[in-house]
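What the coordinates show
Each chain is listed here by its residues.
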Amino acid sequence: MKIYRFYTDENYRGLSLLFPDLVDEKFLNKSCSSDTSVKNEWREIEFKYSDKKKKGDVTDYYYVPIFTDKATEILRPYLENDGEFLPINCKGDKYYIYHLFRREDILDFEKSEFEYYDDNKKTISRIAKFEFKKEKIDSLDDLYMFRLETVSYTHLTLPTSD
């Protein structure tokens with residue numbers, strides 16, 4: 001299985017909150033950081049395009065995946081067991097935030113490489129090189145998208161024949 005970090009291509013449009021008040025920001029952060037369904041509390045949030053680049057079917061909002069109707073329909077059979085699709089609106093276009101529940105503790109901290117905010121190496125600013133625990137990956141079935149247990153990065157997987 002190959003693992004890829006999820007992030008959007010800079011050549012495509014991004015989305016940002018239409019009304020970036022603290023209420024929407026806090027609601028969105030709380031909702032998307034939850035490991036359980038928020039569908040019953042969800043209210044459709046208004047977004048806007050953050051630039052004039054070409055439109056794609058996949059984008060994100062601070063590492064939270066966002067899909068068009070088309071991408072949602074294609075990905076739903078693979079992703080619906082590990083999360084939920086929550087509707088948002090962007091200038092009349094329908095999108096879905098993918099609220100991902102699945103977290104996996106598969107990062108090999110000893111083999112991965114980190115950059116830190118301080119010289120004491122107490123707070124990780126980013127992971128420069130990801131290494132995963134192969135034995136744990138091999139034991140996971142139907143793994144298509146997940147978040148790491150200890151950090152907020154989202155990852156995609158593709159099965160391989162090796």
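Please read all numbers here as calculations on a predicted model, not as lab measurements.

Our focus in this paragraph is the overall build of the protein chain. Tallying secondary structure elements over the protein chain gives 3 helices and 12 strands in all. In terms of C-alpha radius of gyration, the protein chain reaches 17 Å, essentially the compact-globule figure of 15 Å for 162 residues. Principal-axis analysis of the C-alpha atoms places the extent of the protein chain at approximately 45 × 40 × 35 Å. Looking at the protein chain residue by residue over its 162 residues, the buried ones come to 40%. For the protein chain, the proportion of contacts with a sequence separation of at least 24, taken over those separated by at least 6, is 66%. As displayed, the protein chain has an accessible area near 10,200 Å², and 48% of this comes from carbon and sulfur atoms. For the protein chain, the separation between the mean place of its 27 positive charges and that of its 33 negative charges on side chains is 4 Å.

A separate point is the sheet that holds strand S7 (residues 93–100). Strand pairing in a sheet relies on backbone hydrogen bonds. The paired strands run either parallel or antiparallel. The strand order S2-S3-S6-S7-S5-S4 describes an open sheet built from 6 strands, whose pairing is mixed. Two strands close off the open sheet at either side, each with one partner strand: strand S2 (15–17) and strand S4 (58–61). This sheet shows a mean twist of 45 degrees between the axes of neighbouring strands, independent of strand direction. Note that strand S6 (residues 83–90) and S7 share 8 bridges and pair antiparallel. If you follow Leu-86 over to S7, its bridge partner there is Ile-97. Set on the sheet, helix H2 (residues 69–79) makes contact with strand S5 (64–68), S6 and S7; between it and S5 the angle comes to about 120 degrees.

Turning to the pattern of salt bridges, a few remarks are in order. This structure, assessed with the given rule, holds 10 salt bridges. For Lys-136, the salt bridge is made with Asp-105, and the minimal N-O distance between the two is 3.9 Å. Residue Lys-136 is found in helix H3 (residues 134–138), and its partner Asp-105 is found in the loop between strand S8 (103–104) and strand S9 (113–116); the two are separated by 31 residues along the sequence. Among the residues examined, Lys-136 registers a relative accessible area of 33% and is labelled partly exposed. On the basis of relative accessibility, which here comes to 36%, the residue Asp-105 falls in the partly exposed class.

In this section: the confidence of the model for the protein chain. The pLDDT averaged across the protein chain works out to 82; a share of 91% of its residues lies at or above 70. The secondary-structure element of the protein chain with the lowest mean pLDDT is strand S12 (residues 154–158), recorded at 62, while H2 shows the highest, at 93.

What H2 keeps buried is the set Ala-71, Thr-72 and Leu-79. Viewed end-on, H2 has its buried residues packed into an arc of 90 degrees, placing them on one side of the element. Structural note: H2 exposes Lys-70, Glu-73, Ile-74 and Pro-77 on the side pointing more than 90 degrees away from its buried face. Looking at the packing, one finds that the buried side of H2 touches S5, S6, S7 and strand S11 (145–148).

Analysis parameters
Residues numbered from 1 in each chain as written. Predicted model: local features only at pLDDT ≥ 70, side-chain atom pairs only at ≥ 80, totals over all residues. Heavy atoms only, no water. Helix = DSSP H or I, 4+ residues; strand = E, 2+ residues; numbered from the N terminus. Rg over C-alpha atoms; globule rule 2.2 N^0.38 Å. Buried < 20%, exposed > 50% of the residue type's maximum accessible area, 1.4 Å probe, protein only. Contact = heavy atoms within 4.5 Å. Areas by Shrake-Rupley, 256 points an atom, 1.4 Å probe, with all protein chains shown as cover. Lys, Arg positive; Asp, Glu negative; His and termini not counted. Charge placed at Lys NZ, Arg CZ, Asp CG, Glu CD. Pairing = 2+ DSSP bridges. Axes fitted to C-alpha atoms, helices over the stretch in contact; angles between N-to-C directions. Salt bridge = Lys/Arg side-chain N within 4 Å of Asp/Glu carboxyl O. pLDDT = per-residue confidence, 0-100. Arc of directions from axis to C-beta.

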